[in-house]
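The primary structure of each chain is shown beneath.
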Amino acid sequence: MKESVIKTEKLTKRFGDFVAVNEISFEVFKGEVFGFLGANGAGKTTAMRMLCGLSVPSSGIATVAGFDVFKQTENIKRNIGYMSQKFSLYEDLTVLENIRFFGGIYGLSDKQLKEKSSELVLTLGLQNETKKLVGALPLGWKQKLAFSVAIIHQPKIVFLDEPTGGVDPVTRRQFWDLIYEAANSGITIFVTTHYMDEAEYCNRVSMMVDGSIKALDSPSNLKKQFSATSMDEVFFELARGAKRGE
Amino acid sequence: MVILNNITKTYNKGNTIAVDDVSFSVGKGELFGLIGPDGAGKTSIFRVLTTLLLPDGGSATVDGCDVVIDYKKIRSQVGYMPGKFSLYQDLTVEENLNFFATIFNTTIKENYELIKEIYVQIEPFKNRRAEKLSGGMKQKLALCCALIHKPTVLFLDEPTTGVDAVSRKEFWEMLKRLKEQGITILVSTPYMDEATLCDRIALIQTGKIMSIDTPNNIVKAYSGTLYKIKSDMMNKLSNDLHSYENMLSCYAFGEYLHLSFKNENEHFEKELMNILKEKGHQQIEFERTIPTIEDCFIKLMSSSG
């Protein structure tokens, strides 16, 4: 039996008359790389906010890392990591300050913080940059640091919201190596992306259209299901019918 | 229509080189793409050409006007859509459009034909404040505002960043139709798959242009042969391939890995298959593939260090 890390049943969010997320039910398993795709305005961000304990659902059931999204949002926040292209690190703090800041927020003790920072600096090869401002680092290093910081507290699951937007093709691939490494160590990866080739790197992918999950399977099964040769085509097939659009 | 000669732009008192001796030109009615990641220098080039930044070195002209001397003339003639949404959030859709039309001494009515096709999509929301628009609608409004004075050159800085694949396709179709009306378009994007939609592209990285040509010619100029491979154990395929000393490059590309070899003698395919079978791989698919712009970009990046 696979251990489930996220489980939702008819999870719904309404804003007035508008149903942003409409009865989505799905499960994500331990160590899985799960791609959460959809068109702009499909409801991905709203769904993610509920799963991160930042927005109270209107109805339905969901647990994340074993905690209830209605009642145990603080426990959820302590057991997840989060990173996005838009918000990751503080540019005007040094490498070490950022590690300490986020480690502290995630509740690491002073002793753990010390151990973790030196371990992290060593694995990333940033020994000579610890006192440099993050803003001065090349984008690729920033990304790797941001990801490592997001999982510094060994969360059960890490949410990556378009982590590779605007990144060069080589760095983008190195970033996916890090994702696999984390997944192999048992951390569940929940990732959104607009790069359809990255959808292929996920174990399973869900496609959201107009608030509902319209398809969920492994990339190869999805391609079979839609008689498509690439995930690009699967996406077009599903998203073209979107009413909501942007 | 747009000419850059050895343009250089630095920040931090010359310590950060954003644009490094860049030269290229864009012909009238051309759809020209600047393709490169964040930090490549795309926005700095746009800001120099739209007279919002002074270059540290070199010269540039837009429609025959010098970007330093004739800046006022350029400003009245070009359209610019910055990467960051820069319209007035507290004005409505219609008010924003009216505002920009008035600033350029024109009216919505006068140039309605040019924006009609795009504007009808947001017209139902013309009384909505810009801040309440969704991302896709903001993008369409910004494009309308950049077009309302019938510019000779249109500068679009990453118009499709963060936009989903379907809306991106629609946006490029709009650009194609604008081009047909004779407007010269300079567009930047970090999405390599959009490169093929341009007439010509410049691949740019860390302030330097690595290659300028038509997308077709850039692909043709790819030296060596590129292959794609997959097996039933993709997660260990990359590592296993790296143990083959004849491997030149190997990286993930969608459901396949793309690879190239140092030496393609008559045995190499057999050698490769033997290694993979020894490591337990089955259902191996291996064949030649045509490089994409992204493959070319990766190759150029590695050869320029």
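Residues numbered from 1 in each chain as written. Chains lettered and ligands numbered in written order. Predicted model: local features only at pLDDT ≥ 70, side-chain atom pairs only at ≥ 80, totals over all residues.

Ranked by internal contacts, the top residues of the largest apolar core, which has 76 residues, are Leu51, Val64, Ile157, Val158, Ile189, Phe190 and Phe235 of chain A. Grouped together as the second largest cluster of nonpolar side chains are 70 residues, Phe100, Leu154, Ala195 and Ile209 of chain B included. (Core = buried A, V, L, I, M, F, W, Y, C linked by C-beta atoms within 7 Å. Buried ≥ 20, exposed ≤ 12 C-beta atoms within 10 Å, placed from the backbone.)

Across the contact, 27 residues belong to chain A and 26 residues belong to chain B. Elements with a contribution of two residues or more to the side of chain A that touches chain B: α6 (169-184), α7 (196-199) and α9 (231-239) of chain A. (Contact = placed C-beta atoms within 7 Å. Helix = DSSP H or I, 4+ residues; strand = E, 2+ residues; numbered from the N terminus.)

All names here are of chain A. In terms of residue burial, strand β8 (residues 188-192) counts as a mostly covered element, since five of its five residues are buried. Judged by which residues are buried, β8 turns out to be covered on both faces: Thr188, Phe190 and Thr192 on one side and Ile189 and Val191 on the other are all buried. Bridging between strand β3 (residues 33-38) and β8 involves three bridges; their strand directions are parallel. Within β8, the residue paired with Phe34 across the bridge is Phe190. Note: strand β7 (residues 157-161) against β8, five bridges, orientation parallel. Within β8, the residue paired with Phe159 across the bridge is Phe190. (Pairing = 2+ DSSP bridges.)

Next up on the list: the domain arrangement of chain B. With domains assigned, chain B is organised as domain 1 (2-220) and domain 2 (227-289). The C-alpha-based centres of domain 1 of chain B and domain 2 of chain B are spaced at 41 Å. (Domains from an automatic or database assignment.)

Moving on, we get to the sheet that holds strand β6 (residues 80-84) of chain A. All names here are of chain A. With mixed pairing, the six strands of this open sheet are ordered in space as β6-β7-β8-β3-β9-β10. A single partner strand is all that each edge strand has here, and the edge strands are β6 and β10 (212-217). Here the average twist between neighbouring strands, direction ignored, is 15°. The sheet strands contacting α6 are β3, β7 and β8, and the helix crosses β8 at an angle near 145°. (Axes fitted to C-alpha atoms, helices over the stretch in contact; angles between N-to-C directions.)

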